[in-house]
Amino acid sequence: MRQLALCVFPFVMMIIWIEFTEAATQQNSTVVRVKAGNCPRRLNVVPSGRGCVCDDDCPGDDKCCIFDCGAVCVPLTKPGVCPRRSHGVGLCAEFCANDSDCPNDEKCCHNGCGHECIPPYTVKPGRCGLPKGTPMCAEYCYHDGQCPAEQKCCQTTCGHSCSEPC
């Protein structure tokens with residue numbers, strides 16, 4: 001009987017220890033949510049906050065990223081939409097991983113093979129008039145952001161070109 005008690009006692013103690021540590025862990029732990037995305041290699045955007053410790057300290061989808069200046073909240077997505085590809089396939093290289101890798105208002109866009117920083121698709125106010133005849137079929141623009149000043153990228157009889165809005 002004594003041998004049975006010596007064998008059972010350590011087993012019972014182990015079960016009590018496991019139950020105790022699980023209960024203590026559940027009481028003292030907090031769940032830290034890691035947000036999707038990766039921190040940029042360089043800080044190219046204005047941080048949305050300072051002094052973060054984890055992603056939960058940052059607003060919205062911003063991530064807590066560590067740079068030389070310390071930990072800051074970084075917006076990974078900039079406003080705007082990637083423009084459609086103008087022609088063929090771009091370079092098969094990854095020049096960026098997310099918008100915060102890109103300077104100014106540029107976005108990290110798929111180029112048909114890799115990713116590169118590109119100015120976002122822009123829609124200026126106003127509307128395009130009736131298509132104008134052009135001597136050549138060509139795509140001179142793909143969105144308003146590629147046109148100077150107030151001009152818009154409007155359909156022609158055979159492509160698109162920049163013209164004054166109506």
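Structural data are supplied above this passage.
Residues numbered from 1 in each chain as written. Predicted model: local features only at pLDDT ≥ 70, side-chain atom pairs only at ≥ 80, totals over all residues. Heavy atoms only, no water.

Trainee: Help me understand the pattern of salt bridges, please; the structure alone is not making it clear to me.
Mentor: Opposite charge on two side chains allows them to pair when their charged atoms are near. For the structure on display, the rule yields three salt bridges. Across the pair D55 and K63 runs a salt bridge, and its minimum N-O distance is 2.8 Å. Here the two residues D55 and K63 agree in accessibility, since each one is buried. (Salt bridge = Lys/Arg side-chain N within 4 Å of Asp/Glu carboxyl O. Buried < 20%, exposed > 50% of the residue type's maximum accessible area, 1.4 Å probe, protein only.)

Trainee: Hey, could you run me through the nonpolar core in this one?
Mentor: In globular proteins that are soluble, nonpolar side chains generally tend to be buried together. In this structure, V45, C65, F67, V72, V74 and L76 together form the largest nonpolar core, which totals six residues. Those residues in contact with V74 that sit more than four places away from it in its chain are P40, L43, V45, S48, D62, K63, C65, F67 and S100. (Core = buried A, V, L, I, M, F, W, Y, C linked by side-chain atoms within 4.5 Å. Contact = heavy atoms within 4.5 Å.)

Trainee: Quick question: what am I supposed to make of the environment of E150 here?
Mentor: With respect to the element layout, E150 can be found in the loop between β6 (138-139) and β7 (152-156). For E150, a relative accessible area of 52% gives the class exposed. As a C-alpha pair, E150 and K124 span 26 residues in sequence and 7.2 Å in three-dimensional space. (Helix = DSSP H or I, 4+ residues; strand = E, 2+ residues; numbered from the N terminus.)

Trainee: Which parts of the structure should I look at to understand the state of the cysteines?
Mentor: Disulfides are covalent bonds that connect the sulfur atoms of two cysteines. Summed over all chains, the structure comprises eleven disulfides. C92 shares a disulfide with C113; S-S distance 1.8 Å. Between C92 and C113 the sulfur-sulfur dihedral comes to about 110°; the bridge is accordingly right-handed. One end of the pair, C92, is in the loop between β3 (70-74) and β4 (107-110); the other, C113, is in the loop between β4 and β5 (115-118), and 21 residues separate them in sequence. (Disulfide = S-S within 2.5 Å.)

Trainee: Would you explain the pairing of β5 in this entry?
Mentor: The side chains of a regular strand alternate between the sheet's two faces. Bridge analysis of β4 against β5 gives four bridges, and the strand direction is antiparallel. Bridge assignment links C108 to a residue of β5, and that residue is C117. Hairpin geometry of β4 and β5 is characterised by an intervening segment of four residues between the two adjacent antiparallel strands and by a positive phi of about 105° at G112. (Pairing = 2+ DSSP bridges.)

Trainee: It is not clear to me how the sheet that holds β7 should be interpreted in this structure. Could you clarify?
Mentor: Pairing between the strands of a sheet is mediated by backbone hydrogen bonds and can be parallel or antiparallel. The mixed open sheet is built from three strands, whose spatial order is β6-β8-β7. Strands at the two margins of the open sheet, each flanked by one partner only, are β6 and β7. In this sheet, strand β8 (residues 159-163) lies alongside β6 in parallel orientation, the contact comprising two bridges. Across the sheet, the residue bridging to E139 is H160, located in β8.

Treat this as a map of the structure, not an account of what it does.
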